[in-house]
Amino acid sequence: MHGSELLERITARRAELDELEEQLAKQLAEARAERDELAVAERVLERVSEQLADERASAAPMPGQVGGRSVMLIPHREPDLEETMLPPDYQRILAAVRQAAGPVMARHVGDMLGVDVSVRAKLEPLRGRLVRLVDRGWLRKLPDGRFTTRL
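Residues numbered from 1 in each chain as written. Predicted model: local features only at pLDDT ≥ 70, side-chain atom pairs only at ≥ 80, totals over all residues. Heavy atoms only, no water.

1. Side note on the side chain of Arg132
Residue position: Arg132 is located in helix α4 (residues 120-135). Reaching out from Arg132, the side chain makes a polar contact with the side chain of Tyr90 at a distance of 2.5 Å. (Helix = DSSP H or I, 4+ residues; strand = E, 2+ residues; numbered from the N terminus. Polar contact = N/O pair within 3.5 Å; in protein donor to acceptor, adjacent residues only side chain to side chain.)

If you want it as structure tokens, here you go:
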């Protein structure tokens with residue numbers, strides 16, 4: 001092999017590597033752009049999920065049917081109405097608030113009930129249930145956002 005042949009092979013290989021580098025740089029730029037788009041989509045999804053959770057939490061309860069009559073699944077608290085009339089998950093929430101040493105945040109109630117409170121999508125429905133219990137007179141919500149039992 002002569003020096004000129006070797007130089008041609010080196011030059012050809014360098015051109016191949018330059019082309020490969022250009023392709024890889026383009027792929028890297030595309031991957032980074034797609035990753036940025038995914039990050040934006042993820043933030044939008046989180047916001048939409050939070051809004052849906054808030055809307056569900058503030059929505060009027062759907063009446064259930066008992067003996068052919070419409071009844072609220074979470075009835076307003078009245079003197080002759082027992083907690084046992086509430087759905088079991090609401091009874092557990094009331095029990096957790098009652099067991100707390102004082103007023104509690106939704107996050108603390110979630111911890112007591114074994115809810116993964118680090119996941120907003122799991123904490124917000126619990127907060128919605130707590131607010132629903134406040135709206136129906138089963139609990140009180142203090143100005144600082146903590147929940148406590150009624151007197």
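2. Some details on the packing of helix α2 (residues 88-99) against helix α3 (residues 106-113)
At their nearest, the axes of α2 and α3 sit 10 Å apart, and the two run at 110° to each other. Looking at the two axes, α2 sits roughly perpendicular to α3. Counted together, Arg92, Ile93, Ala96, Val97 and Gln99 of α2 and Val109, Met112 and Leu113 of α3 form the full contact between these two elements. Partitioning the contact of α2 with α3 into residue classes produces six nonpolar, one polar and one charged. (Axes fitted to C-alpha atoms, helices over the stretch in contact; angles between N-to-C directions. Parallel < 35°, antiparallel > 145°, perpendicular 65-115°, else oblique. Contact = heavy atoms within 4.5 Å. Nonpolar A, V, L, I, M, F, W, Y, C, P; charged D, E, K, R; others polar.)

3. Focus on α3
When α3 is considered as a whole, its buried residues turn out to be Ala106, Val109 and Gly110. Projection of α3 onto a plane perpendicular to its axis shows the buried side chains occupying an angular sector of 100°, all on one side. Buried positions along α3 lie against α2, α4 and β4 (147-149). Among the residues trailing α3, Gly114 stands out with phi positive, at a value near 80°. (Buried < 20%, exposed > 50% of the residue type's maximum accessible area, 1.4 Å probe, protein only. Arc of directions from axis to C-beta.)

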